[in-house]
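Residue-level structural notes
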Protein chains: 2
Amino acid sequence: MALNYPNFGFDITHRDKKSGARLGLLKTPHGSIETPNYIFCGTKAAIKAMSPKQMREVGTDIILSNTYHLMLQPGADLIQKMGGLHRFTGWDGPMLTDSGGFQVFSLGEGTMANEIKGKNKGHDNQSLTSITEEGCVFRSYVDGRKIKLTPESAMEIQRKLGADLLMQFDECTPYHVDKNYTARSMEMSIRWGDRCLAEFERHDNGAQSLYGIIQGGVYEDLRRISAEYTKDRPFFGTAVGGCLGGSDEEMELVVRASLPHAHPDRPVHFLGIGQIKDIFRFVRLGVDTFDCVIPTRLARHGTAFMKGVPGETINLKNARYREDNTPLDEENGVDASCNFSKAYIHHLLKAKEVLAIQILTAHNIATINRLMREVRAAIKAGTLDVLEKEWLP
Amino acid sequence: MALNYPNFGFDITHRDKKSGARLGLLKTPHGSIETPNYIFCGTKAAIKAMSPKQMREVGTDIILSNTYHLMLQPGADLIQKMGGLHRFTGWDGPMLTDSGGFQVFSLGEGTMANEIKGKNKGHDNQSLTSITEEGCVFRSYVDGRKIKLTPESAMEIQRKLGADLLMQFDECTPYHVDKNYTARSMEMSIRWGDRCLAEFERHDNGAQSLYGIIQGGVYEDLRRISAEYTKDRPFFGTAVGGCLGGSDEEMELVVRASLPHAHPDRPVHFLGIGQIKDIFRFVRLGVDTFDCVIPTRLARHGTAFMKGVPGETINLKNARYREDNTPLDEENGVDASCNFSKAYIHHLLKAKEVLAIQILTAHNIATINRLMREVRAAIKAGTLDVLEKEWLP
């Protein structure tokens with residue numbers, strides 16, 4: 001294949017001596033970012049409660065949007081007509097889109113409410129009509145119409161959306177299926193990956209790049225097969241996806257079974273994972289980028305990520321903050337973290353003022369961006385263990 | 001009385017030759033503002049969807065908070081303990097608080113929802129238990145407990161809140177009562193005004209100033225009596241309040257019946273009024289400051305204030321904006337007005353993304369602040385009529 005991604009690059013600039021952690025520079029047509037880094041979720045072409053300017057002010061390098069939501073509303077054609085996601089949203093830095101598969105297979109009814117409230121366990125997927133070799137059919141959560149998503153259409157939609165980093169279409173297998181199902185599914189995702197590559201290449205103009213996704217559930221042998229597949233194909237990057245098990249240990253097993261067999265020189269993205277403890281655990285295994293909704297989602301529940309706090313977070317709704325005149329964290333150096341007392345944020349939450357969400361979202365993103373800056377500095381200095389103890393005492 | 005407000009001042013710097021419009025400089029311990037100016041509503045100690053820093057970025061000079069809401073949640077004692085409203089909210093410019101009276105008498109059940117949705121017409125005030133010479137008793141919308149508000153307690157609460165510009169406690173008479181009731185009510189508000197002055201003076205340390213409020217409904221003779229009362233007493237400023245009638249004409253009649261009898265050298269505030277057409281109408285009658293929730297409230301309904309648009313506003317939910325790639329108004333010179341297409345804001349509204357509210361709120365406040373800057377320049381240049389045609393074709 002002729003895919004060589006001339007406008008993209010990934011340079012590994014430093015390797016940790018004590019672990020698999022590495023520093024890299026990920027180049028895209030919309031700028032380069034240092035890795036390890038964190039990709040914040042702008043599900044519906046917007047980070048909840050943050051403008052692009054505000055995202056930059058809190059140190060953000062890269063964001064993502066979700067193909068599933070955007071194909072339904074406002075539709076990929078409209079976004080293409082408006083000049084693509086960068087022009088539409090005003091975010092001028094690197095951007096990633098997923099393939100839509102995760103939401104189709106896991107969200108079921110597809111309401112963000114269920115996702116946001118953690119109520120959807122993937123077991124009552126009533127909107128998913130069929131999964132065949134060709135692709136899948138599901139019902140739109142916006143208007144109920146039936147929609148077919150295939151490897152080819154997932155590529156077409158992502159092409160129209162115009163992000164820098166694209167994901168192959170894959171089947172996202174749930175936790176409760178058996179190994180046989182997981183194996184057949186993983187093999188279909190491999191065939192879907194080849195169709196994505198073919199479709200991607202057909203329209204490739206150098207503006208975008210494609211990641212392959214390692215599937216295989218919690219089964220080491222399946223993960224290895226899937227990882228070797230991605231390595232052998234001309235993907236730009238490697239993503240670890242699908243079912244990661246029910247515990248931190250299973251999640252680590254999955255990554256340990258996958259990455260040694262993936263392409264060693266490509267950027268590695270870990271799909272949907274990103275608590276502070278996960279960052280420390282998985283940069284050591286060679287993960288370069290993370291994405292997760294929790295920095296923004298937890299903010300909407302009154303929760304602030306904090307450096308050096310047991311359990312990573314505090315909840316500002318707690319009555320203990322009613323008269324706490326201290327700011328969240330002056331070391332963050334941003335307005336949200338420095339210029340509002342916990343007592344004021346507590347009041348705003350009680351009064352249901354949206355400013356509380358804005359402050360906590362900005363603070364959480366600033367905190368995670370600072371975490372990533374400190375992680376990169378610690379990898380360079382060989383002090384990742386020390387840093388981890390500072391963040392997670 | 002010894003009230004002389006040493007840390008406050010109001011200098012009338014220019015008078016329009018063709019109308020009663022005037023330019024002024026209103027000095028407070030938290031800075032001076034040029035008038036005419038617009039006071040934005042931060043009901044619960046927060047402008048909805050805007051931080052103080054963001055308020056400054058869109059050109060804001062002065063904001064207000066509502067005594068009624070803050071006395072119930074989080075309580076004046078807490079805000080005092082946290083250093084007062086300026087310290088609590090982070091807003092370091094001039095600030096006004098009302099007396100709580102308007103909400104007690106007009107909001108009834110007291111839910112902001114009713115106020116926001118325009119559902120409360122003041123006829124089903126079930127939370128107001130009694131109005132006597134001493135004051136009034138109402139039930140908290142937060143927890144149902146009975147609360148007494150008197151001239152003295154309204155002053156005490158506002159002293160603890162710590163704003164610069166305070167309002168006397170008055171009875172806000174509804175539109176449907178007769179002239180006799182309105183007259184008796186206005187007379188009681190006069191007695192309440194004297195009690196407010198006495199209580200204010202008892203604790204005066206120079207940090208705050210007090211406005212008298214002209215009541216009297218839509219009756220010219222009552223308005224005159226009330227205006228002359230405020231003129232004769234040592235208030236720092238004059239506010240026009242109460243029932244303003246059911247039409248623009250009645251509202252103008254009320255102001256025309258009031259202001260010629262008020263103190264000519266004091267700043268004049270018009271309570272709760274502030275559409276663009278109102279600004280042009282009432283600066284000509286000598287109003288110096290306005291406040292109204294509509295710039296922020298209408299933003300939450302998808303509505304943008306626009307210069308030169310019939311009816312003052314457009315609604316971005318309208319399907320005509322689905323593919324409109326133009327920004328709201330680049331002349332405003334702020335991020336919200338310049339860097340997002342109407343199509344994008346339309347999408348955000350359809351997707352129920354809070355960023356839509358943030359963008360429209362910032363745009364509306366920027367637009368009104370620009371209006372006030374242009375109004376001041378036009379008063380100076382004697383071109384108010386020309387400017388009005390530009391804004392309201």
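Cut-offs and rules
- Residues numbered from 1 in each chain as written.
- Chains lettered and ligands numbered in written order.
- Predicted model: local features only at pLDDT ≥ 70, side-chain atom pairs only at ≥ 80, totals over all residues.
- Core = buried A, V, L, I, M, F, W, Y, C linked by C-beta atoms within 7 Å.
- Buried ≥ 20, exposed ≤ 12 C-beta atoms within 10 Å, placed from the backbone.
- Contact = placed C-beta atoms within 7 Å.
- Domains from an automatic or database assignment.
- Helix = DSSP H or I, 4+ residues; strand = E, 2+ residues; numbered from the N terminus.
- Nonpolar A, V, L, I, M, F, W, Y, C, P; charged D, E, K, R; others polar.
- Pairing = 2+ DSSP bridges.

Notes on the nonpolar core
- Judged by nonpolar contacts, the single largest core of 232 residues is most densely connected at Ile-63, Tyr-211 and Ile-345 of chain A together with Ile-63, Tyr-211 and Ile-345 of chain B.
- Dropping the residues within four chain positions of it, Ile-345 of chain B is found in contact with Leu-316, Phe-340, Ala-356, Ile-359 and Leu-360 of chain B.

With respect to the domain arrangement of chain A
Residues and elements named next belong to chain A.
- Here chain A is described as being made up of domain 1 (9-292) and domain 2 (303-381).
- A separation of 28 Å is found between the C-alpha centroids of domain 1 and domain 2.
- Contact with domain 1, which involves 23 residues of that partner, is made by 18 residues of domain 2.
- Of all the secondary structure elements, the ones that give two or more residues to the side of domain 1 that touches domain 2 are strand E4 (37-41), helix H1 (52-57) and helix H11 (276-283).
- Its residues assigned to classes, the side of domain 1 that touches domain 2 shows twelve nonpolar, six polar and five charged.

Description of unusual backbone geometry
All names here are of chain A.
- Along the chain, Thr-35 connects to Pro-36 via a cis peptide bond; the corresponding omega equals 0 degrees.
- For Pro-36, the location among the structural elements is in the loop between strand E3 (31-35) and E4.
- A positive phi angle, near 75 degrees, is found at Glu-312, a position not held by glycine.
- Residue placement: Glu-312 occurs in the loop between strand E15 (303-305) and strand E16 (313-315).
- Classification of Glu-312 as buried rests on a count of 20 C-beta atoms within 10 Å.

Regarding the pairing of strand E11 (residues 209-214) of chain B
Residues and elements named next belong to chain B.
- Most of E11 is tucked away: six of the six residues are buried.
- Here E11 shows no split at all, with Ser-209, Tyr-211 and Ile-213 on one side and Leu-210, Gly-212 and Ile-214 on the other all buried.
- Here strand E10 (residues 165-167) pairs with E11 via three bridges, running parallel. The residue bridging Leu-166 from the neighbouring strand is Leu-210, located in E11.

Remarks on the interface of chain A and chain B
- Taken together, the contacts link 31 residues of chain A with 31 residues of chain B.
- Counting only elements with at least two residues in the side of chain A that touches chain B, the list comes to helix H3 (76-81), helix H4 (84-89), helix H14 (342-350) and helix H15 (354-381) of chain A.
- Top element by residues in the side of chain A that touches chain B is H14 of chain A. It accounts for five residues.

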